Amino acid sequence: MPKHIAIIMDGNRRWAEKRGLPSIVGHKKGYLNFKKIAEACDKLGIKILTVYAFSTENWQRSKTEVSYLMKLFEENIKKERKFFNKNNIRFNVIGQIEKLPEKLRKIVCEVMEKTKENKKRIINVAISYGGRAEIINVIKKILERKVPSDKIDEKIFEEYLYTAGQKNPDLIIRTGGEKRLSGFLTWQSVYSELYFSDKLWPDFNERDLKEAIQEFQKRQRRFGR
């Protein structure tokens, strides 16, 4: 059983377009599906779930859509904070938190602080995240701390990642039919198994998740050995 599953939740807008609905309806449906899949992961004993919710490139979308997404994140993170503590879940937002609207940033930091000691499992939500941006951020931090060049290795580098201290993903799932990672966990994904589903994210269900895990279990992982 994979210990860490990461998901690129792709297809909310296309799901809405297919039904003649505004894209914001697709995003709302996508959030509800995220809750179902997170609960399924809990039942299956998955210790870490990381989801790609909003990339650094997504800021280029229309102001209306971006504003709606920021409000959706704000409302739901606020609503779920008691759930995280009740269920012993550590909640993280990974990405450029400093670029988020002030109200959302404040809620994110508050919930991360209040759940940081929770041990049962971890939910990482990537917001304003880009893999290259994360690597550049690590380099800047290493330079700021004046780490001697002869001391820099993979272990030191990983201490400055957004996912520092966490296991790298065993399995990365992308929905929506596209077959690329789009800058998701660029450093962490080097030995992850990849699984691509044609289903749009709001239609991806627990059975689909189990099928992805079953496919993962058939693969032989050698890690270059």
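Since this is a predicted model, take the numbers as computed values, not measurements. (Residues numbered from 1 in each chain as written. Predicted model: local features only at pLDDT ≥ 70, side-chain atom pairs only at ≥ 80, totals over all residues. Heavy atoms only, no water.)

Looking only at helices and strands, one finds seven helices and six strands in the chain. Across the chain, helices and strands are ordered from the amino to the carboxyl terminus as β-α-α-β-α-β-α-β-α-α-β-β-α. On C-alpha atoms alone, the chain measures out to a radius of gyration of 17 Å, which is about the 17 Å that the 2.2 N^0.38 rule sets for 225 residues. Dimensions of the chain along its principal axes, counting C-alpha atoms only, are 60 × 45 × 35 Å. When each of the 225 residues of the chain is scored for burial, the buried share is 46%. At a minimum sequence separation of 6, the contacts of the chain that also span at least 24 residues come to 75%. Looking at the chain, you have 48 positive and 30 negative side-chain charges, and the mean spots of the two groups are 3 Å apart. (Helix = DSSP H or I, 4+ residues; strand = E, 2+ residues; numbered from the N terminus. Rg over C-alpha atoms; globule rule 2.2 N^0.38 Å. Buried < 20%, exposed > 50% of the residue type's maximum accessible area, 1.4 Å probe, protein only. Contact = heavy atoms within 4.5 Å. Lys, Arg positive; Asp, Glu negative; His and termini not counted. Charge placed at Lys NZ, Arg CZ, Asp CG, Glu CD.)

Bringing the nonpolar core into the picture now. If you look at the biggest cluster of nonpolar residues, it comprises 41 residues, and the most contacted ones within it are I5, I7, F34, I173 and L209. When residues of this core are assigned to their parent elements, the largest contribution, seven residues, is made by helix α3 (residues 63-86). Apart from the residues lying within four places of it in its own chain, the contact partners of I7 are I37, L49, T50, V51, Y52, I173, F184 and W201. Counting residues in each nonpolar core, the second largest holds nine residues, with A126, Y129, I172 and L185 among its members. (Core = buried A, V, L, I, M, F, W, Y, C linked by side-chain atoms within 4.5 Å.)

Considering the arrangement of structural elements, one finds N58 in the loop between β2 (48-55) and α3. By relative accessible area, which is 15% here, N58 ends up buried. From its side chain, N58 meets the backbone nitrogen of S55 in a polar contact 2.8 Å long. Non-local contacts of N58, meaning those with residues more than four positions away in its chain, are made with A53 and V66. (Polar contact = N/O pair within 3.5 Å; in protein donor to acceptor, adjacent residues only side chain to side chain.)

Once that is clear, we can look at helix α5 (residues 131-144). The terminal C-alpha atoms of α5 lie 20 Å apart, and with 14 residues this matches the ideal 20 Å at 1.5 Å per residue to within 8%. Buried within α5 we find G131, E134, V138 and I142. Across the axial projection of α5, the buried residues extend over an arc of 75°, all falling on one side. Seen from the buried face of α5, the exposed residues on the opposite side, beyond 90 degrees, are R132, K140, L143 and E144. Residues of α5 that are buried in the fold lie against β4 (121-129) and α6 (154-158). Taken from the residues just after α5, K146 is the one with a positive phi, measuring 55°. (Expected span 1.5 Å × (residues − 1). Arc of directions from axis to C-beta.)

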